[in-house]
Amino acid sequence: MGVEYITVDEERVYLTIRDKFIDGYKYLLDITAVDYEEFEDTIHVEQFAVVYTLRSSDFKKVIVLKSYIKNLEVLSITDMFSGANWLEREVYDQYGIRFKNHPNLKRVLNHKEFEGHPLRKSYPITKGQWLHETDDLHDEMNIKLASKDVVCSLEDGSYSECNKDLMFLNIGPAHPASHGTIRTYVALDGETIDAAVTEIGYLHRGFEKSCENHTYSQIIPYTDRLNYCSAISNNIAFVKTVEEMLGVEITPRAKAIRVMLLELCRIEDHLVCLAAILVDMGALTNYWYIYNPREEIYDLLSKLTGARLTNSYMRVGGMANDLYDGFENDLQHVLKKIKEGLDEALALIKHNRIFQDRTQNIGVINAQDALNASLTGPNLRASGVAYDMRKDNPYYGYEHYDFDVIVGSVGDVYDRVMVRFEECEQSISIINQVMKTLPDGDVNIKDASIMLPDKDKVYNTIEGVMNQFKLTIDGIKVPKGEHYSSLEATNGELGFFIVSDGSGTPYKVKVKAPSFTAISAYPDMIEGYQLADAILILGSLNIIAGEMDR
């Protein structure tokens, strides 16, 4: 993946991004900041920098644009990218950097009573802050209602005297249909949603702050807890970024095994999404047809990695262990069960009028709006955008495997469901191709500065003991620098932006999380639809709260 790194003056940030937008960089991936207070480098005159990551319209090139800022203030780019709304709010929340002309700059991950900005280096990691009063979200709802020419007044904390007869209702955060700890505040005209705003952060646990206090290897189990429905894909995305910073290339066998596991994780995650949305609309039989094969995947991964859900299987430079004897036979058994479950479920819904009425032309987002909102993965492809990193920016030899990129035409719930069904079929095909051409050899590179020594060396030689001790205590020394890398995870482009100061602990880690931008688009997607439709729209986006909140 070609990544270009650009540094611009503070007053040129907005103009540069606008020029890049005109030049074809119309897909915003992420916005973050860096606090250089403790970075030992005289180049960094200012303490803070804002970092924007943009992708070109052909999806093949990436620009990481950075600007050092003096007054903790920069122009908002929400007029160019709707997806910038929440991304800028996150930077404000975590670093205290203000974005001028932002429509509603407020905290998004931390609660309204939170004091300070936790990703600043000066913020104490052990400081806990309790929330005493919930956010009524009236400020956000007022903005939404005003845009629809609805005027309401507040009395005793509740809406009254609206010029339209509306009922205000909370969906979640403690509700099975909210698919995680997500709260959506809606204004209902009968059963139709006139306006909606969403609040997240209930599962925010400071992943990125914790990374600053752990070695690169210690972070790998933390990545499991991002998208816990496909944990190994998070492992791979992280170690891939670190390996690129180290300038190492993993073995051909390790590449092939990673591809196989990425596709198995894709199936595993899609099965959860499909089973959940079908049971949300009352299709319980379909749920069991799809969900039972997922248990087979769990059993397989448990046998391979020693854990069912959070596998922690990857290592920088390879993986914990090679495939066990008999793995291929077990894998073929699992793939057979998956295929049977998918076929049974599809047979029940493909020509089912109830399913079609509940999903077709519901929660529509067209291709342009999906790109502008920074949607990615199946949600973007369902809107007709054929962007898949496995094709557009291939890695680990994906260019050698034969598979199709599945796209929709409408961008509704139906398309998002059917894209995932067909992607499971494509993943099965890729897995079979991998196993037919699986190379022999080692799964780990031979580099004592990166890989832990064999146990017999640890137990029998002083060199082995010292090597193990240094890697465990000090960590892998990653060269000083900044790097963004990503892969096509289950929910789309999952990326990591890492800043290294040359030590064994990252100076900064930022996750480009597909679920975060997907949930930011959700409130607009459900407006104009009925309350029951909102549940299916949320299910079709496949929001994973751990990845969303981090």
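That block above? That's the structure.
As a starting point, this report considers the structure included with it. (Residues numbered from 1 in each chain as written. Predicted model: local features only at pLDDT ≥ 70, side-chain atom pairs only at ≥ 80, totals over all residues. Heavy atoms only, no water.)

## Observations regarding the overall build of the protein
1) Next: Each helix and strand in the protein was counted, giving 19 helices and 16 strands.
2) Next: For a compact globule of 550 residues, the expected C-alpha radius of gyration is about 24 Å, and the protein comes in at 24 Å, within 12% of that figure.
3) Next: The burial tally for the protein puts 59% of its 550 residues in the buried class.
4) Next: Contacts in the protein between residues far apart in sequence, at least 24 positions, make up 68% of those at least 6 positions apart.
5) Next: Element-wise, carbon and sulfur atoms account for 49% of the exposed surface of the protein, whose accessible area totals about 21900 Å².
6) Next: Charged side chains in the protein number 56 positive and 83 negative. The centres of these two groups are separated by 3 Å. (Helix = DSSP H or I, 4+ residues; strand = E, 2+ residues; numbered from the N terminus. Rg over C-alpha atoms; globule rule 2.2 N^0.38 Å. Buried < 20%, exposed > 50% of the residue type's maximum accessible area, 1.4 Å probe, protein only. Contact = heavy atoms within 4.5 Å. Areas by Shrake-Rupley, 256 points an atom, 1.4 Å probe, with all protein chains shown as cover. Lys, Arg positive; Asp, Glu negative; His and termini not counted. Charge placed at Lys NZ, Arg CZ, Asp CG, Glu CD.)

## What about the sheet that holds strand β10 (residues 183–189)?
1) Next: Strand order in the open sheet formed by three strands is β9-β10-β11, with antiparallel pairing between adjacent strands. Of all strands in the sheet, those with a lone pairing partner are β9 (167–171) and β11 (192–199), marking the two edges. Along the sheet, successive strands turn relative to each other by an average axial angle of 20°, direction set aside.
2) Next: Bridge count between β10 and β11: seven bridges; the pairing is antiparallel. Of the residues in β11, the one forming a bridge with Ala187 is Ala195.
3) Next: Against the sheet, helix α3 (residues 138–147) engages β9, β10 and β11, with an angle of about 140° to β11. (Pairing = 2+ DSSP bridges. Axes fitted to C-alpha atoms, helices over the stretch in contact; angles between N-to-C directions.)

## Considerations on the pattern of salt bridges
1) Next: Under the defined criterion, the tally for this structure stands at 35 salt bridges.
2) Next: Residues Lys446 and Asp442 are paired through a salt bridge, measuring 3.7 Å at the closest nitrogen-oxygen approach.
3) Next: What makes Asp442 partly exposed here is its relative accessible area of 45%.
4) Next: Here the salt bridges share partners, and the residues they tie into one network are Glu263, Arg266, Arg381, Asp388, Arg390, Glu423 and Glu488. (Salt bridge = Lys/Arg side-chain N within 4 Å of Asp/Glu carboxyl O.)

## Section: the packing of aromatic side chains
The description of an aromatic ring pair uses the distance of the two centres, along with the angle that the planes make with each other.
1) Next: If you walk through the whole model with that rule in mind, you get 20 aromatic pairs.
2) Next: Measuring from centroid to centroid gives 5.9 Å for Tyr27 and Phe59, while their planes differ by 85°, and the two rings are edge-to-face. Taken together, the residues Tyr27 in strand β2 (residues 27–35) and Phe59 in the loop between β3 (48–55) and β4 (61–69) connect sequence positions 32 residues apart. Grouping residues by exposure puts Tyr27 and Phe59 together as buried.
3) Next: Three or more aromatic residues link up through ring pairs in this structure, and these residues are Tyr395, Tyr396, Tyr398, Tyr401 and Phe403.
4) Next: A cation over an aromatic ring shows up here: Lys26 above the ring of Phe21, its NZ or CZ 5.3 Å from the ring centre.
5) Next: Here Lys391 stacks its cationic end above the ring of Phe403, 4.4 Å away from the centre of that ring. (Phe/Tyr/Trp six-rings, centres within 6.5 Å; stacked < 30°, edge-to-face > 60°. Lys NZ or Arg CZ within 6 Å of the ring centre and 35° of its normal.)

## Remarks on the sheet that holds strand β15 (residues 492–500)
1) Next: Pairing is antiparallel in the open sheet, where three strands are placed in the order β14-β15-β16. Either end of the sheet is taken by a strand with one partner, and the two such strands are β14 (481–489) and β16 (508–512). Recorded for the sheet is a direction-independent mean angle of 15° between the axes of neighbouring strands.
2) Next: Sheet topology note: the β15/β16 ladder contains five bridges and is antiparallel. Pairing of Ile498 across the sheet is with Val509, part of β16.

## What to know about the environment of Ala196
1) Next: Note on placement: Ala196 falls in strand β11.
2) Next: Residue class for Ala196 comes out buried when judged on its relative accessible area of 0%.
3) Next: Between the C-alpha atom of Ala196 and that of Leu169, which follows or precedes it by 27 residues, the distance is 9.7 Å.
4) Next: The contacts of Ala196, once residues within four sequence positions are left out, are Met141, Lys144, Thr184, Tyr185, Val186, Pro523, Ile526 and Glu527.

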